[in-house]
Amino acid sequence: MKKQARVAIQGIKASFHEEAAFKFFGKDIQTIECDSFKRTCEHLEKGEADFVVMAIENSIAGSLLPNYTLIREYNFAVVGEVYLPIQLHLLALPGVKFEDVKTVTSHPIAIRQCVDFFDEFPHLKVVESVDTAACAKRIRDEQLTDTVAIANMLAAELYGLNVLERRIESNKKNYTRFLILQKDKSDQNKEINKASICFQVGNTAGALARVLNIFAENEVNLTKIQSMPVLGKRNEYYFYVDMEWTDLEKYENAIRRTLKFTVNFNIMGEYERNDGV
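Residues numbered from 1 in each chain as written. Predicted model: local features only at pLDDT ≥ 70, side-chain atom pairs only at ≥ 80, totals over all residues. Heavy atoms only, no water.

## Points about the side chain of histidine 17
Part 1 of the reasoning: Within the fold, histidine 17 resides in helix α1 (residues 16–25).
Part 2 of the reasoning: When residues no more than four places from it in sequence are discounted, the contact partners of histidine 17 are Ile9, Gln10, Phe37, Val53, Met54, Ala55 and Phe178. (Helix = DSSP H or I, 4+ residues; strand = E, 2+ residues; numbered from the N terminus. Contact = heavy atoms within 4.5 Å.)

In structure tokens:
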């Protein structure tokens, strides 16, 4: 019998992190609920989890910068990615009507993604919380008849709530990208066509451009570049770069050449591109 994968997520069951985990692994997994991204990393580091699913960027809110630092500091391997459409619904106890509602609660990012909806109903009190699914669970546990949560359909199903309003997010094309992390690098996945790397360059004119040109010359497409200051060091930055390729040999050649012009170079992970949104 195949052992269930233990997957650490930030948040509770029916959160967007669990939805992303289901999309990548399927539903036959053991979800480990954590109250912070750092806690997910601690579970993986101690061998209490096999994988971590970690949000890394949202198409509206942007990059989750502290998570880049966590991945680098723990030296975890990126072994996959998931793009999850963010669909937000207004959830309430069965029998509650919209005119009964006085308070709306959710994660602050989810709330910001529904500003157009709230502009139409200025009388509603908006309360921020730590997790979308936790808000739905609280409504169920405390039987709140004047409060609704903004969360996903998974939360509605798990906590027995009705959907008062569907798809209240302002941008219907919003998505979040999640990375799948493993403690050690694995050679099992041979179908690699994407990588996440991290490096530093000298603080001289053209230093970064020289590195980027190497990838261009080898037809490696850079899909994202994120800079982060090196703590306590002025004018020094880590550069986190995602890249894709069609010719593995050209990618490997670019990596070899890049090593000559960078310091603290690290391939955080090589994996299969996942375009499904």
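## As for the packing of helix α8 (residues 207–217) against helix α9 (residues 248–258)
Part 1 of the reasoning: One way to put it is that α8 packs onto α9 with a least axis distance of 9 Å and a crossing angle of 160°. The orientation of α8 relative to α9 falls into the category roughly antiparallel. In this structure, the crossing between α8 and α9 has a hand that is right-handed. Residues Val211, Ile214, Phe215 and Glu217 of α8 touch α9, and the partners they reach there are Ala254, Ile255, Arg257 and Thr258.
Part 2 of the reasoning: Along the lines of polarity and charge, the residues of the contact of α8 with α9 split into 5 nonpolar, 1 polar and 2 charged. (Axes fitted to C-alpha atoms, helices over the stretch in contact; angles between N-to-C directions. Parallel < 35°, antiparallel > 145°, perpendicular 65-115°, else oblique. Left-handed = near helix turned anticlockwise from the far one by under 90°. Nonpolar A, V, L, I, M, F, W, Y, C, P; charged D, E, K, R; others polar.)

## Let's talk about the environment of alanine 14
Part 1 of the reasoning: Within the secondary structure, alanine 14 sits in the loop between β1 (5–10) and α1.
Part 2 of the reasoning: Sequence separation of alanine 14 and aspartate 184 is 170 residues, and the distance between their C-alpha atoms is 27 Å.

## Looking at the pairing of strand β3 (residues 51–58)
Part 1 of the reasoning: Across the 8 residues of β3, 8 count as buried, placing the element largely inside the fold.
Part 2 of the reasoning: In this sheet, β3 lies alongside β1 in parallel orientation, the contact comprising 3 bridges. When the sheet's bridge partners are listed, alanine 8 is paired in β3 with valine 52.
Part 3 of the reasoning: Where β3 lies against strand β11 (residues 175–182), 6 bridges are found, and the strand directions are antiparallel. (Buried < 20%, exposed > 50% of the residue type's maximum accessible area, 1.4 Å probe, protein only. Pairing = 2+ DSSP bridges.)

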